[in-house]
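# Observations on the three-dimensional arrangement
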Amino acid sequence: MSRTEAPPLPEPLRVPVADSHTHLDMQDGTVEEGLARAAAVNVTTVVQVGCDVKGSRWAAETAAAHANVHAAVALHPNEAPRIVHGDPDGWSRQGAREGGGTAALHEALAEIDALAALPHVRGVGETGLDYFRTGPEGMAAQEESFRAHIEIAKRHGKALVIHDREAHADVLRILADAGAPERTVFHCYSGDADMARVCAEAGYFMSFAGNMTFKNAQPLRDALAAAPLELVLVETDAPFLTPAPYRGRPNAPYLIPVTLRAMAAVKDLDEDTLAEAIADNTARAFDY
């Protein structure tokens, strides 16, 4: 089996659900093809997430053109330091670039703020902190950007979509300090069961991705078991984090049923009950 070959369509869900976090602009094929494949397995709604100004513009335009696509707009935590300090290695999709300092960051944030005001933009994200790829020199830019996104989400009454990689304590600290928006979503939840209880206490939604199916992901399954049903979402983060047994192959919204069925087993629920809860939770989280 080729690592680049798309996995087959899973058995359709009986209850329609949403993919709470996907990147259609990074997937093969057209948006229409991706949405049609998803709809064929009863994944009827997707949240398209921007990671930089250009991607956020694209998310907003795509949501405007498709009734079943909602947009989230933001500068990814790794994007903020690149804007400020430059990106000589060309890690991001823009390629190598010079740093523009805090003035360039503020300019980019102003653009995100303007996009966040649009009615088909339902979320501000993915924002947060990522200590995996950004060293100490980039942390100040990440925190400034994160705090700005929290304010943008609150100003426009939109959900805050959080990317938290190896930064749990600082993300929770900043949310508590700045005051989290009314609806806050931990995308691709990566904490443990103890953190899930902290998030539940604060009313934060926890969105689980295909990595909860991986053999080494018992802490994620424990967190899912601890998370209250009314705060659980499902996502692909496609094209990344393809669920087992297709790990390493391209991910897309149509694979949501694979992850949802694994989640139902962890929560000891039948898949229809979980799908109904997730459909309701996602609509509440993103206010659609």
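Parameters and conventions
Residues numbered from 1 in each chain as written. Predicted model: local features only at pLDDT ≥ 70, side-chain atom pairs only at ≥ 80, totals over all residues. Heavy atoms only, no water. Buried < 20%, exposed > 50% of the residue type's maximum accessible area, 1.4 Å probe, protein only. Helix = DSSP H or I, 4+ residues; strand = E, 2+ residues; numbered from the N terminus. Pairing = 2+ DSSP bridges. Right-handed = clockwise from strand over helix to strand, strands pointing away. Lys, Arg positive; Asp, Glu negative; His and termini not counted. Salt bridge = Lys/Arg side-chain N within 4 Å of Asp/Glu carboxyl O. Contact = heavy atoms within 4.5 Å. Polar contact = N/O pair within 3.5 Å; in protein donor to acceptor, adjacent residues only side chain to side chain.

To continue, consider the pairing of strand β9 (residues 205–208). Here β9 shows two buried faces, one formed by Phe205 and Ser207 and the other by Met206 and Phe208. In this structure, strand β8 (residues 184–186) lies alongside β9, joined through two bridges in parallel fashion. Following the sheet pairing, Val185 is matched in β9 by Phe205. The β-α-β motif built from β8, the intervening helix α7 (residues 193–202) and the parallel element β9 has right-handed crossover chirality. Here three bridges tie β9 to strand β10 (residues 232–234), and the two strands are oriented parallel to one another. Note that in β10 the partner of Phe208 across the bridge is Val234. In this region the chain leaves β9, passes through helix α8 (residues 218–226) and returns to the parallel neighbour β10; the handedness of that crossover is right-handed.

Here Lys158 shows up in the loop between α5 (136–156) and β7 (159–165). Despite its burial, Lys158 pairs with no opposite charge; the closest candidate is Asp287, at 8.1 Å N-O. Ignoring anything within four residues of it in the chain, the contact list for Lys158 reads Ala116, Ala117, Leu118, Val121, Arg122, Gly123, Val124, Ala153, Pro181 and Arg183.

This part takes up the side chain of Asn251. If you trace the backbone, Asn251 turns up in the loop between β10 and α9 (256–267). On the accessibility criterion, Asn251 (3% relative accessible area) is buried. At 3.0 Å, the side chain of Asn251 and the backbone oxygen of Thr236 are in polar contact. Each residue touching Asn251, except ones within four places of it in the same chain, is listed here: Gln27, Thr236, Ala238, Pro239, Phe240, Leu241, Thr242 and Pro243.

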